[in-house]
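# Descriptive analysis of the structure
What follows is the residue order along each chain.
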Amino acid sequence: MHLLQQSTKGSPTQPVLSEDLTPLNTESRSFLEERLATALSVARPVTRDAAVSSVVPKTITDYFDGARTLLEISQVLATSMQDVQSGISPPGLLLVLEGTRSGQDVLVLAKLEHERGARATQTVVDGKRVYDMEFLRDLFLTTGSKVYKVAIFPRNQIGSTHFGGEVVDRQVPGHGVAHYFISDFLGCDYTQRADVLTETFHKTTQQYVDAIVDPAKRARYQVALLSEMQSNNTELSVRAFATNYLDAEDRDPYVAQMNSAVVPMTFSKDIGLVRAYLERVLMEFENGSVALVPPAELRDGGSVSIDESQDGRTSLRIEDHLTRMGSKGALKFSPGDSHDA
Amino acid sequence: MTPDEAVARFKAERPRFERAAQSVASAVSSSARAIDVTGRVTSRVKEVESYRGKLAIKSYSDPWADVTDKCGVRMILERDTDVSALYAALVRSDRVDVISHEDKRQIQDPSKLEYTGVHLQVVADGEPTDTDPIQCEVQLRTAAQDLWSVVSHSLLYKPTVPLPATEQHAVYRLVALTELFDLEVERIMTVIPTLPGYELSPLLKFLESEFAGIAGSVGKKALSVSVLDGIKALVPDVDAYLPQLAQFTSESREDLRSLYNQHGPGSEMSADFDYTLFSQPESLILVHLLTSQPMALEAAWAVAGMPRQWLSTLAALAGVPLNEI
C-alpha cells in the first residue's frame, strides 16, 4: 500500500511509498477478498489503448514475466498514479495485491479514499462507566462504502501482444474528473463502447419486454425502458433496472437474459445509437390498427390509457384534441422518420 | 430323529443358522428402508442348551422340523403404524419368503394381558449345500411392545411364585401404560407434520447431512430454521428442488470444502459476525440460490429482515457477489 497525497498546484507531489509488503493476517485477507470481489462484480473488460501513454501496462507485464517484484512494481504504479491525479482528486491509498481468481494468478490495483467514522470504547470516568467516542479519519474499505476505482489483471490476459483486464471506474458523486483511472493511469479503454453497450441493453431489454404475455405488464415495462433510457442517469445498471421496474418474478429471468447477451451489469450510458427508438412507443393490434404514443402520455395522468379485458383483448383509450385525420397506405418505419398516424 | 440327534445336528449346523438369520435381518432392513421406515434390527440363533431344554419340556413328534424358532429376527420400530406398514410390505415383498404371519396386536380376548406385535415365519435364502430350508421367526414391535414382552415374561409367564390379586392388577396397569405410550407416540407423530415449518424438514435434514460431510459441523438448528423460513418462498416444491441441490453440492464439493476450511467452523473467521453463515448448513442452499435466483434471494432476505452482511459476505467469498446497484 502506498499513500497518495493531494496534489499541489505548481509543484510535483510525491507519494509516500511503502518500503516493504504489508503482511496480511487471516482476518485482513478475508476482508479484502470480500470487499474486492463485491467491487469487481461490476467490472468491465478493458484492453490497452495505444493512443495513451502509460507506464502501467509495461510495469504489469514485467511483473508477470518475473522481471520485477510486487514491491517494485507497486512503487512504480503509485508514483504513476500520483502523477496523473489532478489537484482536486482527494488523497488516498493505492492498493496493489497479488492473488488468484478461479485458479488464475491475478494482480489487483485499487485506488481507495480515506473515510471517516467513529469508534466507541468503554471507559471509566470519576468511577462511572462512560462510552468514549473517538473520531477516525483514516479508515478505508468500510462496509457499505463503494470502491470506485479497481482493476484486475489476470496472467492469461497479459502477454507480448495483448494486454487486458477488467476495470471499475465509476465517477464519485460530486467529483468532476471522470475516468482518469482507466485512461490516464492504466492506459486502457473499455473493450466495449458505451454506445454499443447501451444499444445492446436497449435491444435485449426490448426483446424481453416483447416476450411478456400480459399486455398491461408489457406496456408498463415498455414505459420503464423508455424512462430509463431518457433519464438523466449517466450509468445503466441491469440490476437497478430490474429492481426498480420489474415485478419480482421477472427479475432473475431478465438478468439471466442480459447475462446471456453479455451485457455488463453496470456501464456508462450513451444513447447515441438508440436515440431514434426513444421518441415513440409503438402499439400494433390484430385488426391492423397502429398507435404511436409519446411515452410520457402512458404514465399516470397522461392522455393515453391501456386496459385489458378478461378475454385477453386490450383497450387503448386516447383522450386529446384531434389535430388531423386522413387516409394512409402501408406504413413503413425507419429510425428517425417522423410519423403521422 | 431323536431329541439328542436333533441337538447334535443343531450344534453342528449352528453356523448355517447364524448366516440364515443375518440374511433375513438384511432383507427386513432393506424392506424397511424401501418404505422409509427406521428402526433397530437384531438377529439371534437359539443357544444349543436352550434348544435342548425346549425339547425336554415339550414333546415334539419331529424335534427337528417342529421347532421353527431356532433362529429369529426382531425389528423395533418407532411407532405402531410403522409396524403395520412394514408388516404389509414384508407380506407382499419378494425379498422375503413368508410362510405364515399373525398380527398379535389384534385383541382376541379383552381380559387377556397381551401387548405384542406382529410375527412372521419366513424361509431364509438357501445356501448351495443346504439339504433343507431354514425357517426364521420375524417379530416386528414398537419399543413399548418390546419392553412389555421382556417384562411380562418374568412377571407373568415365568414367575417364581404365583402373583396375588393386587400385584396382578398392577400388572394390568403396566400393560395399559405401555399401550398408552404407543398411542401417545402415534398421536404426537401425527400432529408434527401439521406444524408450521414442517415442510422444510426434509430440506434441513439434507442440508445438515451434506454440511456435516463437507464442513464437519452441524450449525445451530434454530438459526437454520429461521433462515430457511425466510427464503422458503424461493423453494415452493422441496421434493422437486432437492435433486437439483444435491447435484449442485456434489459438483461443487471441493470448492465448498475449501470455502468452509478458510471461513467456516473452526477457522479464524468463524467468530466474526459477518461470517455467521459459513458455520451454518443453510449456506449450501444460499450459495446455490445465489447462482440461480440472486435477485429473488436478495429481495426475500431483505423482507425477512436478516443481516445483509451475512449474505453479502457469503456471496462475495463464494464467488457470486451481490452486485452493487
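Conventions used here
Residues numbered from 1 in each chain as written. Chains lettered and ligands numbered in written order. Predicted model: local features only at pLDDT ≥ 70, side-chain atom pairs only at ≥ 80, totals over all residues. Heavy atoms only, no water. Pairing = 2+ DSSP bridges. Helix = DSSP H or I, 4+ residues; strand = E, 2+ residues; numbered from the N terminus. Axes fitted to C-alpha atoms, helices over the stretch in contact; angles between N-to-C directions. Contact = heavy atoms within 4.5 Å. Buried area = accessible area lost by both parts, 1.4 Å probe. Salt bridge = Lys/Arg side-chain N within 4 Å of Asp/Glu carboxyl O. Polar contact = N/O pair within 3.5 Å; in protein donor to acceptor, adjacent residues only side chain to side chain. Nonpolar A, V, L, I, M, F, W, Y, C, P; charged D, E, K, R; others polar. Core = buried A, V, L, I, M, F, W, Y, C linked by side-chain atoms within 4.5 Å. Buried < 20%, exposed > 50% of the residue type's maximum accessible area, 1.4 Å probe, protein only.

## Some points on the sheet that holds strand β8 (residues 164-169) of chain A
Residues and elements named next belong to chain A. In space, the seven strands of this open sheet follow the order β1-β3-β4-β7-β8-β2-β9, with antiparallel pairing throughout. At either margin of the open sheet sits one strand with a lone partner, and together these are β1 (2-4) and β9 (188-190). Within this sheet the neighbouring strands show an average axis-to-axis angle of 30 degrees, counted without direction. In this sheet, β8 lies alongside strand β7 (residues 149-154) in antiparallel orientation, the contact comprising four bridges. Considered in β8, the bridge of K149 is made with D169.

## Let's talk about the interface of chain A and chain B
Between chain A and chain B, the contact holds 24 residues from the first and 22 residues from the second. Sorting the residues of chain A by area buried against chain B places E34(A), R239(A) and D252(A) first, and these three jointly supply 33% of that buried surface. Here chain A is connected to chain B by one salt bridge. Two residues, E298(B) and R239(A), come together in a salt bridge whose shortest N-O distance is 2.6 Å. Counting across the interface, chain A meets chain B through six residue pairs in polar contact (both at pLDDT 80 or more). Secondary structure elements with two or more residues in the side of chain A that touches chain B: α1 (26-40), α7 (238-245) and α8 (248-260) of chain A. Of all the elements, α1(A) adds the most residues to the side of chain A that touches chain B, at nine residues. Its residues placed into classes, the side of chain A that touches chain B shows nine nonpolar, seven polar and eight charged.

## Considerations on the nonpolar core
Counting 50 residues, the largest nonpolar core has L36(A), V150(A), F201(A), M229(A), V238(A) and Y254(A) as its most contacted members. If you tally residues by element for this core, the top one is helix α6 (residues 215-230) of chain A, at six residues. Ignoring any residue separated from it by four or fewer positions in sequence, one finds Y254(A) in contact with F201(A), T205(A), Y208(A), V238(A), F241(A), A242(A) and L246(A). Within the second largest apolar cluster, 42 residues are counted, among which are L245(B), L277(B), W301(B) and M306(B).

## Some remarks on the pattern of salt bridges
Summed over all chains, the structure comprises 33 salt bridges over all chains. A salt bridge links R141(B) to D146(B), with the nearest nitrogen and oxygen atoms 2.8 Å apart. Through salt bridges that share partners, K217(A), R220(A), D247(A), E249(A) and D250(A) make up one connected network.

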